[in-house]
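Residue-level structural notes
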Amino acid sequence: MNAFERLVDKLRDEGKHVQQSGDKKAVAQCPAHEDRSPSLSLTATETKVLAYCHAGCETEDVLSALGLVTRDLFNEPRTRYDYADQNGTVLRSVARTYDSAGVKKTFRPAGGDVKKAILYHLPQVAAAVKAGTTIYLVEGEEDVHALEAVGLVATTGPQGANSIGKVDFTPLKDAVVVAVVDRDDAGKKWAETVEEKVRAIAKSLSFVEAKVGKDAADHIAAENGVEDFVELEVEEATPLRRARVTWAAHIEPEPVVWAWTTDEAGRIPSGSLSIAAGREGTGKSSFGIWLAAHITKGTLPGAYYGIPRRVFYVAVEDSWKHTLVPRLIAAGADLSMVGRFEVIASDDDELTLSLPTDNLLLEREVRHHEVALVVIDPLMSVIGEKIDTHREREVRSALDPLAKMADRTESIFLGIAHFNKGGGSDAASLITGSGAFKNVPRSVFGFARDETDEAGGRVMSQVKNSLGRDDLPSLSYVIESSEVQTKKGVAITGKFTFTGESDRSVADIIRDSRRDPEDLEEAKDAASWIHGYLEQAGGEAASKDVIAAGKAAGYSASTLKNARRKVADTQRAGFESGSTWSWILRVGTTVGPVGTTDQKPVPTVPTGVPTVAGAPDDRGPSTQTGGPDRTGGHDDTPTLNLTGGHDEPTPSHEDQGIRSDQGDPSDQGDERPLCPTCNTRHLMGKEELGAGICKQCRNIARYYERRSA
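These remarks concern the structure in this document. The structure presented is a predicted model; accordingly, all values stated were derived computationally and were not measured.

**Some words on helix H3 (residues 122–131)**
Taken residue by residue, H3 has Leu 122, Val 125 and Ala 128 as its buried positions. End-on view of H3: buried residues confined to an arc of 120°, all on one side of the axis. For H3, the exposed residues set more than 90 degrees away from the buried face come down to Lys 130 and Ala 131. Just downstream of H3 lies Gly 132, where phi reads positive at about 80°.

Here's what the structure looks like:
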């Protein structure tokens, strides 16, 4: 027994006169009022019975008079709505249930792919489009059933009016569509979405509303026909997305405005997102303080020089009173120009800035206070909680708008980031999270502590500079201890100070940190060998000569080039194919103990061996003969000595030099013969013993014999 039959029987049990027309239509006396002339209309649909009192009684009152509830209008306590494709295959199902009182309804997924937002009764829709039959688009499944009960074709989307924008409307292409709009606020928004989504694909689209009641089901329950629908005018909604084309001829070109420069070379452009990344304790956060301090004083070399500007600081991990303010004081910042940016909830609770949710709040305040720099420390902590920080597309949904905000406001947004524990030495690729953290910013800086520097030196390398030079020298810096006077006593904090250019990059430091200790000792050994060679050559020699002699002594070319940074600079003479490179001993350089390995002999440089000649280097010039002096600074800023050079390219072939079998004599014993030239014990072959010197010394001697010849 379905709901229609149960309701008719109940009315008759109550003594009400019922005039039935088949198994789907009936007219009866209404039990909710004194009804001498039958005024209650009943219409059966696929899933329920529609009840409407023409005298104005509410359906709930009619049911209550019969001892029934809303649930009793349905054929089953649980109604299932299946969404099938054009072939009839069910892809998704929705279930309607009621609470224990039978009044409050609930919709829940009942199987299939809940993300499939297809049209309801799609096979019937496809047939109607093909036949040119009008299709009625409504807000719910029961509205569809009500219209189908009077012979119309109707459809809807799953999950009601709020999800209509997710529906695939392509089956309505070239269809005649009439949209029945509910009389409520949700109905108005639903109509705007339908206008936007369907207008462009349908043959025609018109809007109507029920003559009586709220929706299509009420209209049919009141025994109104299609011709009784009331026409509506729906204004075309403003598209959420639209295209705009601007021809390049109408875009005025402008030079990059550099907020920070070193010796006229730009490092951070205004209106950009930048990243400062490194491991814990390397000083990247202190760099943010250094940058903020100089901007507030107007002492940062670049576009802001001489113009003090405001700074916003978003600190998620550090305490303002114990860490940030003492650091700012030590850095000499104007505290009145540094703002702690926070997000406050309606109940005054402090919230963490969340990107992109709080973009509008942030941009509004940046514009209002004319902020030049926003430091976010760490950047990862303000990425929205629903964003997977390891998926580039998701991270870009937060970073791309931030980069555009920087461009619109002409401000710098500096994000502090951490390195992961992955391999490799590329600082940009070591940033924790997806590749978006290195791809979106225009400038990326890597920070590292040089463990080989007993003075605690650190290095900053610019590993990305999209708008400027990509060969800027690395800078060395230290974190000095500083005492700051407070009302409650002395606070000890750190102060970031640049000390000049570094001949080692962050990549070098990371690479060395992963090298075997024996390799490091060999590098120290090679540095000592180079030092001795250049001293005997008068302080300068052609790079190719040094490398050739070093290889003959048993060092690889790559070891020699890495070791060169400790004791010598490079210099190029000439241009392009005619240029030559030489290694110049750094004045005042000393080399410490070699370590556990025996140092290779430094050959005596024969008379006549040229000292300024070399092989061309395809990596570009560093300090050319007669080139400009690139030292300099600005008032109140650390004077940075930015002189330096580049390494020569490492050969792609394997090391062809002859390696020594020498080791610690305590391991090898005293049976090995002693070479009188280098005073080192070796495992010598017959030929070597016959010559009286080791293989390395013989090779060195032969090398210079060939050069002299």
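Still to come is the rest of the account.
**A short note on the environment of Glu 233**
Tracing the chain through its elements places Glu 233 in the loop between strand E12 (230–232) and strand E13 (258–262). Take Glu 233: its relative accessible area is 80%, and that puts it in the exposed class. For the pair Glu 233 and Ser 206, spaced 27 residues apart in the sequence, the C-alpha separation amounts to 8.2 Å.

**Focus: the side chain of Arg 96**
If you trace the backbone, Arg 96 turns up in strand E6 (residues 90–98). No salt bridge is formed by the buried Arg 96. Its closest oppositely charged neighbour is Glu 142, at 4.8 Å. When neighbours within four sequence positions are excluded, Arg 96 is seen to be in contact with Phe 74, Pro 77, Arg 78, Thr 79, Tyr 81, Lys 105, Thr 106, Phe 107 and Glu 142.

**What about the sheet that holds strand E17 (residues 338–340)?**
The strand order across the open sheet formed by nine strands is E17-E16-E20-E21-E15-E22-E23-E24-E25, and the pairing between neighbours is mixed. Every interior strand has two partners, whereas the edge strands, E17 and strand E25 (489–502), have only one. Sheet twist, expressed as the mean angle between neighbouring strand axes with direction ignored, is 25°. Two strands pair when backbone bridges link them, and strand E20 (residues 371–377) and strand E21 (residues 412–418) are joined in this way by four bridges, in the parallel orientation. Opposite Val 374, over in E21, you have Phe 413 as the bridge partner. Contacts from helix H8 (residues 320–330) reach strand E16 (310–315), E17, strand E24 (474–486) and E25 within the one sheet, and its direction differs from that of E25 by about 50°. With respect to the sheet, helix H12 (residues 506–513) is in contact with strand E22 (443–449) and strand E23 (458–465), its orientation differing from that of E22 by roughly 45°.

**Some thoughts on the environment of Phe 4**
Along the chain, the position of Phe 4 falls in helix H1 (residues 3–13). Not counting residues within four places of it along the chain, the set of residues in contact with Phe 4 comprises Gln 20, Gly 22, Asp 23, Lys 24, Lys 25, Ala 26, Leu 42, Ala 44 and Val 49.

**Comments concerning unusual backbone geometry**
Between Leu 355 and the following residue, Pro 356, the backbone shows a cis peptide bond with an omega angle of 10°. Cis geometry is found at the peptide bond from Asp 377 to Pro 378, where omega equals -5°. Turning to its location among the elements, Pro 378 is positioned in the loop between E20 and helix H10 (392–409). Despite not being glycine, Asp 174 shows a phi value in the positive range, around 65°. Summarising the element assignment, Asp 174 is placed in the loop between strand E9 (153–155) and strand E10 (176–180). One non-glycine residue, Glu 264, lies in the positive phi region at around 70°. With respect to the helices and strands, Glu 264 occurs in the loop between E13 and strand E14 (265–269).

Reading the values: rules and limits
Residues numbered from 1 in each chain as written. Predicted model: local features only at pLDDT ≥ 70, side-chain atom pairs only at ≥ 80, totals over all residues. Heavy atoms only, no water. Buried < 20%, exposed > 50% of the residue type's maximum accessible area, 1.4 Å probe, protein only. Helix = DSSP H or I, 4+ residues; strand = E, 2+ residues; numbered from the N terminus. Arc of directions from axis to C-beta. Lys, Arg positive; Asp, Glu negative; His and termini not counted. Salt bridge = Lys/Arg side-chain N within 4 Å of Asp/Glu carboxyl O. Contact = heavy atoms within 4.5 Å. Pairing = 2+ DSSP bridges. Axes fitted to C-alpha atoms, helices over the stretch in contact; angles between N-to-C directions.

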